[in-house]
Amino acid sequence: MTATTTHPGAAPTWRRVLAQTSFETRAILRNGEQLLVTIIVPVLVLVGLTRGTFVDLDTAGESRIDFLTPGILALAVMTSSFTSQAIASSFDRRNGVLRLLSTTPLGRGGLLAGKVLGVLGVEVVQIVVIGLTAVLLGWRPDPAGLGLALVAVVLGTGAFTSLALLVAGTLRAEAVLAVANLALIVLAVAGGVIIPASRLPGPLEHVALLLPSGALGEAMRETLLHGVLPPWSVVVLVAWTAALGWGAGRLFRWH
Amino acid sequence: MPDSPALEITGLVKRYGDRAVVDGLDLVARAGQVTAVLGPNGAGKTTTVECCEGLRTPDEGSVRVLGLDPATSARDLRPRVGVMLQDGGLPTGVRALDMLAHVARMYASPRDLGELTERLGLGSFGRTTVRRLSGGQRQRLALAAAVVGRPEIVFLDEPSAGMDPQSRRAVWDLVRELRDEGVAVLLTTHLMDEAEDLADHVVVVDHGRVVAQGSVGALLAAADDRTLQLQASPGLDTAALARALGDGLTVDEHVAGTYAVTGTVTPRTLAALTGWLAEHDELATRITVGRRTLEDVFLDLTGRDLR
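Residues numbered from 1 in each chain as written. Chains lettered and ligands numbered in written order. Predicted model: local features only at pLDDT ≥ 70, side-chain atom pairs only at ≥ 80, totals over all residues. Heavy atoms only, no water.

**Q** So, the sheet that holds strand 4 (residues 60-65) of chain B: which residues are in play, and what are the values?
**A** Residue and element names in this part refer to chain B. Taken together, the 3 strands give an open sheet; going across it, the order is 2-1-4, and neighbouring strands pair in antiparallel fashion. Among the strands making up the open sheet, the edge pair consists of strand 2 (19-29) and strand 4. Put simply, the sheet's adjacent strands are angled 25° from each other on average, direction ignored. Two strands pair when backbone bridges link them, and strand 1 (residues 7-16) and strand 2 are joined in this way by 8 bridges, in the antiparallel orientation. Of the residues in strand 2, the one forming a bridge with tyrosine 16 is arginine 19. Sitting on the sheet, helix 1 (residues 45-52) touches strand 1, strand 2 and strand 4, and the angle it makes with strand 1 is about 120°. (Pairing = 2+ DSSP bridges. Helix = DSSP H or I, 4+ residues; strand = E, 2+ residues; numbered from the N terminus. Axes fitted to C-alpha atoms, helices over the stretch in contact; angles between N-to-C directions. Contact = heavy atoms within 4.5 Å.)

Here it is as structure tokens:
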């Protein structure tokens, strides 16, 4: 990047991107529905599955909370980087917000950077809230895996934000609303997020491991339970990011 | 070049599928002037403006904004260009003044927000979310966002749409002030009074082309200067009346009992008309002689069909 190129009249790049990041983060956290899907639902799922005994789980010798929390964090990443981002971006696109902001010095690149960083900002809040709740419920993650888990979060965010922008840039806002929520539920149940791929019936096990959801779920469990980041998950997430990012770049319609 | 135009469009063509929405359009807008692009819905006004804003890429022709190509020099142009979109483009979930402050942060030395808020009367709804603003309030906020970065050229796409008269007044005053500061203002409108009151230069666009342009005065002068309207009994012999008036004038009965005399109307025309009416024992209920308005010119140029 030619960072030294000056554009008189424009605020410095970092300030524009920072402004957009905080704008995006606040917009999500102030919106009731977005708050529900990104923070409240994951916390309720965590508490419900840990405390409730209505779901029989084979936790492979781990405590219930240690086994569930990584998957809930993966689910939370999906809600903010995919569901919430897809819905917000599609309505912004329909209302001309993306076009208007792209005519300011922020530009399209700054807008995209602000969105990705805004998602990471929301994820910080999610991880703190869910992490603290889990700790109160007795969660004791492998300390060696905490840093690696953050790497997994970033990789998952890349893949799911790309998917969100692909969907938001090609479908009508109402369709995005339906698709984003439906996809979240399907992937949460059968995509290897909370329930590990190995416990899924038949061929679903192999499919789930190839999905970004399964790869992220695996990566979170392996890092936080055993302190290792599985290479296969990294490969899958990077490949999805590249493919979906390329698709979004090619197909995104601003109008 | 001191006198190079702020905006120069040459032979612009933009197609959506097979349909050319803009079809060989030429346009020049200068600093310190308000240029109004006037045309019916679907004439290609918005598409033209979007090509100038870098939001669409022309299929043919060239667009130069402040001497630069918006398709390739977007980064250099964005700080110098202000944009007000037709559909607003305001995020709906934020408070009005938070939105304005956010846009202001994109610029190195934005306008004073307090002064701008005052000018456009944004204070009364500053803490209201954009979603709950009226049409006029949104338009004023969008205008504020377009000018907050001290642009050298502003594109205003139908700035007065949905505005109450007070809002319009405030917006027009600000546009005039921008012009006096040397800003080039390009606005699209289908409101005649807006073009007539505000524009130094009017460009009438239809079917993606310029059909006429000039100052308001020049456009009115170029068209037939005066019109004469007559109300009397329906079914008068218009051909006979036209012969009596002479001078190549034509008479049409558009609506039963209402006649329009077109051509060069002189005092003699009026005498001949009343003479002819007396001869036929016909009492006119109303005779109006007046200057043509921009609306007449516009309708003559773009037709009277609904579309």
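On we go.
**Q** Please give an account of the interface of chain B and chain A that cites residues and values.
**A** Across the boundary between the two partners, chain B contributes 28 residues, which contact 28 residues of chain A. Buried area between chain B and chain A, summed over both chains or domains, comes out near 2600 Å², and the portion from carbon and sulfur atoms is 58%. Among the residues chain B hides against chain A, the three largest losses belong to Leu55, Arg78 and Met106 of chain B. Together they make up 25% of the total. The interface formed by chain B and chain A includes 1 salt bridge. (Buried area = accessible area lost by both parts, 1.4 Å probe. Salt bridge = Lys/Arg side-chain N within 4 Å of Asp/Glu carboxyl O.)

**Q** Explain the UniProt feature "transmembrane region" (unreviewed entry) in chain A residue by residue, including any values.
**A** Residue and element names in this part refer to chain A. Sites flagged by UniProt as "transmembrane region" (unreviewed entry) map to residues 35-55, 67-91, 112-139, 145-168, 175-195 and 232-252. For residues 112-139, the end-to-end C-alpha separation is 35 Å, with 89% helix and 0% strand making up the annotated structure. End C-alpha to end C-alpha, residues 232-252 measures 29 Å, and it is 95% helix and 0% strand. (UniProt positions renumbered as here; feature names shortened; annotations may be inferred.)

**Q** Just give me the short version of a nonpolar patch on the surface, but keep the residues and values in it.
**A** Where nonpolar side chains cluster on the molecular surface, the patch consists of Leu36, Ile40, Val41 and Leu44 of chain A and spans about 340 Å² of accessible area. By the secondary structure assignment, leucine 44 of chain A is in helix 2 (residues 32-51). (Patch = residues over 30% accessible without salt bridge, like charges linked within 9 Å, V, L, I, M, F, W, Y side chains within 5 Å. Areas by Shrake-Rupley, 256 points an atom, 1.4 Å probe, with all protein chains shown as cover.)

**Q** How would you explain the packing of helix 6 (residues 146-170) of chain A against helix 10 (residues 231-251) of chain A if you had to name every residue and give the values?
**A** Residues and elements named next belong to chain A. It is at 8 Å that the axes of helix 6 and helix 10 come closest, and there the two elements cross at 25°. Put simply, helix 6 runs roughly parallel to helix 10. Viewed along their axes, helix 6 and helix 10 form a crossing whose handedness is left-handed. Contacts between helix 6 and helix 10 involve Ala152, Leu155, Gly156, Gly158, Ala159, Ser162, Leu163, Leu165, Leu166, Gly169 and Thr170 from the first element and Val234, Leu237, Val238, Trp240, Thr241, Leu244, Gly245, Gly247, Ala248 and Leu251 from the second. (Parallel < 35°, antiparallel > 145°, perpendicular 65-115°, else oblique. Left-handed = near helix turned anticlockwise from the far one by under 90°.)

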